[in-house]
Amino acid sequence: MLTQYGPFCRSCGIAICRDMSAKTLWQGWWGFLSVIITPGVLIGNLVTRVRLGRLAPPIPGAPGVPAVPGRPVLRRAAAFGLVAPVVIASAIAWGVARDPAFADVGACIHAEGPDTDPDVTVVDCSDPAATYVVIGKIEDSTDSEACARFPGTVASYTEDRDSQDLLLCLGENS
């Protein structure tokens, strides 16, 4: 976290605020806690930018040359830094949406590979690859006999992840 102190005119303050915000957009996402902290920093920079916009313009003849504010932050190459958290969040959401451990009753499943170790993913029910529909979900069990209480069960899928068992009772997708 960097802070710039000084007696700034409006032009100089806006120039520094834009530069620091652009650096935050590009560099601020690359740590575990940074993903949480960076949005707060950017909001703080936005509040500071509004305050700087209320300052008086540079006085002609004052010592020093006012800085040129430059292009707005979202028109700089650093604005592509906003893409990183969106891509990461989308990848996580896509992975979770396809993970059978998060499938609800009524979700459709595509299974391929050997019966002993199939590759199972959640798919849209209109997808031609959707071979099964989840008709029952039992946590803390891998006993496929428990699926007998769900009429229409034609297959089952078990998963043991981090000592948590999951049993999905599957019916034909029609």
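An account of the accompanying structure is given in this report. Quick caveat, the model's predicted, so the values are computed rather than measured. Here the residue numbering is sequential within each chain, running from 1 through the sequence in written order. Local features in a predicted model are, by the rule used here, given only for residues with pLDDT of at least 70; side-chain atom pairs are given and counted only at 80 or more, and totals for whole chains, interfaces and linings are based on all residues. To get the side-chain values, take all heavy atoms of the structure and skip hydrogens and water.

### Looking at the packing of helix H1 (residues 10–27) against helix H2 (residues 34–53)
Here's step 1: Axis definition: a line fit to C-alpha positions, over the contact stretch in the case of helices; interaxial angles, taken between N-to-C directions, run 0 to 180 degrees. Only DSSP runs of H or I covering at least 4 residues are called helices, and only runs of E covering at least 2 are called strands; the numbering of each starts at the N terminus. The interhelical angle for the contact between H1 and H2, taken along N-to-C directions, is 165°, at an axis separation of 9 Å. For the element pair H1 / H2, the angle class is roughly antiparallel. Relative to H2, H1 is oriented so that their crossing is left-handed. For the pair H1 and H2, contact is made by Arg10, Gly13, Ile14, Cys17, Arg18, Met20, Ser21, Thr24 and Leu25 and by Thr38, Val41, Leu42, Asn45, Arg49, Leu52 and Gly53, respectively.
Here's step 2: Three classes are used: nonpolar for Ala, Val, Leu, Ile, Met, Phe, Trp, Tyr, Cys and Pro, charged for Asp, Glu, Lys and Arg, and polar for all others, with Gly counted as polar. Considered class by class, the residues forming the contact of H1 with H2 number seven nonpolar, six polar and three charged. Roughly parallel means an angle under 35 degrees; roughly antiparallel means over 145; roughly perpendicular covers 65 to 115; every other angle is labelled oblique. Two helices cross in a left-handed way if the nearer one is turned anticlockwise from the farther one by less than a right angle. They cross in a right-handed way if the turn is clockwise. Residues count as neighbours in contact if any of their non-hydrogen atoms are within 4.5 Å of one another.

### Describing the layout of surface pockets
Here's step 1: Here the term cavity refers to a set of points on a 1 Å grid, laid over the protein atoms alone, in which a 1.4 Å probe fits but cannot get out; the term pocket refers to an open set having protein on both sides within 12 Å along at least five of seven lines, with lining residues being those that place an atom within 4 Å of a point. Grid points are joined across faces, edges and corners, and a volume is the space filled by probe spheres set on the points. Volume-wise, the largest pocket comes out at about 760 Å³.
Here's step 2: Leu2, Met20, Thr24, Val41 and Asn45 are the residues nearest the centre of the largest pocket, which is lined by 22 residues in total.
Here's step 3: At the level of secondary structure, the elements contributing two or more residues to the lining of the largest pocket comprise H1 and H2.
Here's step 4: By residue class, the composition of the lining of the largest pocket is nine nonpolar, eleven polar and two charged.

### Here we look at the nonpolar core
Here's step 1: By convention a nonpolar core is built from buried Ala, Val, Leu, Ile, Met, Phe, Trp, Tyr and Cys residues, the set being connected through side-chain atoms within 4.5 Å. Burial classification: accessible surface area is computed with a 1.4 Å probe over protein chains only, and a residue below 20% of its type maximum counts as buried, one above 50% as exposed, and the rest as partly exposed. Core analysis: the biggest nonpolar cluster contains ten residues, these being Ala103, Ala107, Ile109, Val120, Val122, Val134, Tyr157, Leu166, Leu168 and Leu170.
Here's step 2: Of all the secondary structure elements, the ones that give two or more residues to this core are strand S2 (119–123) and strand S5 (164–172).
Here's step 3: The element best represented in this core is S5, accounting for three residues.
Here's step 4: Discounting chain neighbours no more than four positions away, the residues touching Ala103 are Ile109, Val122, Val134 and Lys137.

### Focus: the pairing of strand S4 (residues 155–161)
Here's step 1: As defined by bridge partners, S4 adjoins S5 across seven bridges and the pair is classed as antiparallel. Bridge pairing in S5 places Thr158 opposite Leu167.
Here's step 2: A strand pair is defined by DSSP finding two or more bridges across the two strands. Counting the residues between successive antiparallel strands, the hairpin from S4 to S5 contains two residues, one of them, Asp162, with a positive phi of roughly 55°.

### Remarks on the sheet that holds S2
Strand pairing in a sheet relies on backbone hydrogen bonds. The paired strands run either parallel or antiparallel.
Here's step 1: Spatially, five strands are ordered S2-S1-S3-S5-S4 in an open sheet, and the strand pairing comes out antiparallel. In this open sheet, the two strands that pair with only one neighbour each are S2 and S4. Here the strands of the sheet are splayed against their neighbours by 40° on average, with no regard to which way each runs.
Here's step 2: Relative to strand S3 (residues 132–139), strand S1 (residues 108–112) is paired through two bridges, and the arrangement is antiparallel. Note on S3: the bridge partner recorded for Cys108 is Val133.

These figures capture arrangement, not role.
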